[in-house]
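Residue-level listing of the chains:
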Amino acid sequence: MSTVELSFSALPVHVRTARLIVTAVARRSGVAEPLLDEVRLAVGEACSRAVEAHRRHCPDEPVRLELSGADRRFEVTVSDTVPGDDTPGGLPATMDADEFEYGLGEGTAELGLAVIAGLADDVEIAATPKGVQIRMSWPAEAEATI
């Protein structure tokens, strides 16, 4: 599968569009129909978190998504440009789903990360001085058509 890149203004209204695009690409990449709702919801949570961070810190910068598939996996990376020091809950530089699923506070941003961990098959969060990336992936059983 080719890589699909998408960027959008940090406005909540664009999160719905991102979910629709990601769901369509996931379907064409071979993600099973029962998993598409999980893809849609996880990507919506990640995009909403990025939009909120951008609205507070850098409203003119776009939120970026990268969609790709390899080794029978569909992968989505949601990237913001808010420095890692401003991440919710003081996240460490890199985490996997198990690390943030159980050790979070009660804030809304942390709850969104826990939701993502429950929906995606594999999750990794990277917080750097250049921004935060949430990488999620799901199995793609069928042959990609993109």
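Residues numbered from 1 in each chain as written. Predicted model: local features only at pLDDT ≥ 70, side-chain atom pairs only at ≥ 80, totals over all residues. Heavy atoms only, no water.

Asker: I would appreciate a short explanation of the overall build of the protein in the present structure.
Answerer: The helix and strand inventory of the protein stands at 4 helices and 6 strands. If you list the helices and strands of the protein from N to C, you get β-α-α-β-β-β-α-α-β-β. Counting contacts in the protein only where the partners sit at least 6 residues apart, residues at least 24 apart contribute 68% of the total. Only carbon and sulfur atoms are counted for the fraction: they give 49% of the accessible area of the protein, which is about 7600 Å². (Helix = DSSP H or I, 4+ residues; strand = E, 2+ residues; numbered from the N terminus. Contact = heavy atoms within 4.5 Å. Areas by Shrake-Rupley, 256 points an atom, 1.4 Å probe, with all protein chains shown as cover.)

Asker: Could you clarify how one ought to interpret the pairing of strand S5 (residues 122-128) in this entry?
Answerer: Taken residue by residue, a regular strand's side chains alternate between the two faces of the sheet. In this structure, S5 lies alongside strand S6 (residues 131-139), joined through 7 bridges in antiparallel fashion. Considered in S6, the bridge of Ala-126 is made with Gln-133. Following S5, the chain reverses through 2 residues before pairing antiparallel with S6. (Pairing = 2+ DSSP bridges.)

Asker: Just checking my understanding: could you explain the pattern of salt bridges for this structure?
Answerer: Two side chains that carry opposite charge are able to pair once their charged atoms sit near each other. The final tally for this structure, using the stated rule, is 8 salt bridges. Across the pair Glu-141 and Arg-72 runs a salt bridge, and its minimum N-O distance is 3.8 Å. Of this pair, Glu-141 sits in the segment after S6 while Arg-72 sits in the loop between strand S2 (63-70) and strand S3 (73-79), placing them 69 residues apart in sequence. One exposure class covers both Glu-141 and Arg-72, and it is exposed. (Salt bridge = Lys/Arg side-chain N within 4 Å of Asp/Glu carboxyl O. Buried < 20%, exposed > 50% of the residue type's maximum accessible area, 1.4 Å probe, protein only.)

Asker: How do you make sense of the confidence of the model for the protein when you look at a structure like this?
Answerer: Segments scoring low in pLDDT should not have their predicted coordinates read at a detailed level. A residue-level look at the protein finds 78% of positions with pLDDT of 70 or above and a mean pLDDT of 83. Per-residue pLDDT stays below 50 along residues 86-95; that stretch engages in 23 contacts with residues further than four places along the chain or on separate chains. Segment residues 97-106 is flagged for pLDDT under 50; beyond a separation of four residues in sequence, or across chains, it makes 15 contacts in the model. (pLDDT = per-residue confidence, 0-100.)

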